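Inside the fold
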Amino acid sequence: MIGPNSKDLICLNPDCRDYRKRNAGNIIKKGFNTKGNQMFKCKTCGVRFPETKGTVFYNRHLTEEQIIMICKLLVEKNGVRAIERIMEIHRDTVSDVIEDLARHAREVTDYLITNVGLTQIQVDEMWSFVKKNKRKLSKEMRDLIDMVIAGSTQL
Ligand SMILES: [Zn+2]
């Protein structure tokens, strides 16, 4: 299973001395939660958190489940406004999430296939749809999406 390495993770507890410090050696693996996700612990402050915290699936405004739902709605070719209507989340927030997903296209692809159970084809469709619908995406993000889609065809 592809999962984040503990050294790529950071502590997101604002009260922690090692808050957001990278490679501080404070994050260790600490068992699994009920959903089977790897849990991590910050040795400095003792806070435990799932692997998704600190990744694209951890968002100040939305739960991991909501972000996964947005991905699934994108697979079904629902645009920002449709997602806003279905999930009752403001379109600016939806838009931010999609940009964030695109920025981490490779990580998101792995996550959706490994942890959510989407197929490669579904994820490719999601990216194609995102590219078509988000005209404001930077060239960098478009290139990244192209790379992820192209990479999958070699499998
Ligand atoms: Zn900490």
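Residues numbered from 1 in each chain as written. Predicted model: local features only at pLDDT ≥ 70, side-chain atom pairs only at ≥ 80, totals over all residues. Heavy atoms only, no water.

Section: the coordination of the zinc ion
Basically, it comes down to this: Listed donors are limited to N, O and S atoms within 2.8 Å of the metal, widened to 3.2 Å for Na, K and Ca; water is not among them, so incomplete-looking sites are possible. Irregular is the label for any site that misses the other tests, which are tetrahedral for four donors with all angles between 85 and 135 degrees, and square planar for four donors or octahedral for six when opposite donors exceed 155 degrees and the remaining angles lie between 65 and 115. What counts as a helix is a DSSP run of H or I of at least four residues, what counts as a strand is a run of E of at least two, and both are numbered from the N terminus.
Summarising the metal site, the zinc ion is bound by the protein donors Cys-11 (SG), Cys-16 (SG), Cys-42 (SG) and Cys-45 (SG), whose distances to it range over 2.3 to 2.4 Å. In this structure, the zinc ion is surrounded by 4 donor atoms whose angles at the metal cover 105 to 113 degrees, and the resulting shape is tetrahedral. Each donor residue of the zinc ion belongs to the same chain, and together they define the spacing C-x4-C-x25-C-x2-C. Note that Cys-16 is positioned in the segment before strand 1 (27–32) and Cys-45 in the loop between strand 2 (38–42) and strand 3 (48–50), a separation of 29 residues in sequence.

Side note on the pattern of salt bridges
To keep it simple, the criterion reads: The rule for a salt bridge is simple: a side-chain nitrogen of Lys or Arg has to be within 4 Å of a carboxyl oxygen of Asp or Glu. Exposed residues in this analysis have more than 50% of their type's maximum accessible area, buried residues have under 20%, and partly exposed residues fall in between, with area computed by a 1.4 Å probe over protein chains only.
Tallying each qualifying case throughout the model produces 5 salt bridges. The salt bridge partner of Lys-139 is Asp-143, with a shortest N-O separation of 2.8 Å. Taken together, the positions of Lys-139 and Asp-143, both in helix 6 (residues 139–153) and 4 residues apart, correspond to about one turn of that helix. Take Asp-143: its relative accessible area is 33%, and that puts it in the partly exposed class.

A word on the environment of Ser-138
Tracing the backbone through its elements, the reader meets Ser-138 in the loop between helix 5 (120–133) and helix 6. For Ser-138, a relative accessible area of 29% puts it in the partly exposed group. With 35 residues separating them in the primary sequence, Ser-138 and Arg-103 have C-alpha atoms 9.4 Å apart.

Examining the packing of helix 1 (residues 64–75) against helix 2 (residues 80–87)
The criterion, for reference: Lines fitted to C-alpha atoms define the axes here, with helix axes fitted over just the stretch in contact, and angles between the N-to-C directions of these axes take values from 0 to 180 degrees. Geometric relationships in this document are graded by angle, where less than 35 degrees denotes roughly parallel, more than 145 denotes roughly antiparallel, 65 to 115 denotes roughly perpendicular, and other angles denote oblique. By convention, the crossing between two helices is left-handed when the near helix turns anticlockwise from the far helix through less than a right angle, and right-handed when the turn is clockwise. Working rule for contacts: check all heavy atoms of both residues, and any pair within 4.5 Å makes them a contact. The classification used treats Ala, Val, Leu, Ile, Met, Phe, Trp, Tyr, Cys and Pro as nonpolar, Asp, Glu, Lys and Arg as charged, and all other residues, Gly among them, as polar.
Close contact between helix 1 and helix 2 brings their axes to 10 Å; oriented N to C, the two are set at 130 degrees. Between helix 1 and helix 2, the interaxial angle falls into the category oblique. Judged by the twist between their axes, the crossing of helix 1 over helix 2 is right-handed. Residues Gln-66, Met-69, Ile-70, Leu-73 and Leu-74 of helix 1 lie in contact with helix 2, whose contacting residues are Ile-83, Ile-86 and Met-87. A class-by-class count of the residues in the contact of helix 1 with helix 2 yields 7 nonpolar, 1 polar and no charged.

Notes on the sheet that holds strand 1
Put simply, the rule is: Any two strands with at least two DSSP-identified bridges between them are counted as paired.
If you trace the 3 strands from one edge of the open sheet to the other, you get 1-2-3, paired in antiparallel fashion. A strand with exactly one partner marks an edge of an open sheet, and here the two such strands are strand 1 and strand 3. Across the sheet, the axes of successive neighbouring strands diverge by a mean angle of 35 degrees, strand direction being ignored. Bridging between strand 1 and strand 2 involves 4 bridges; their strand directions are antiparallel. In the sheet register, Lys-29 faces strand 2, and the bridge partner there is Phe-40.

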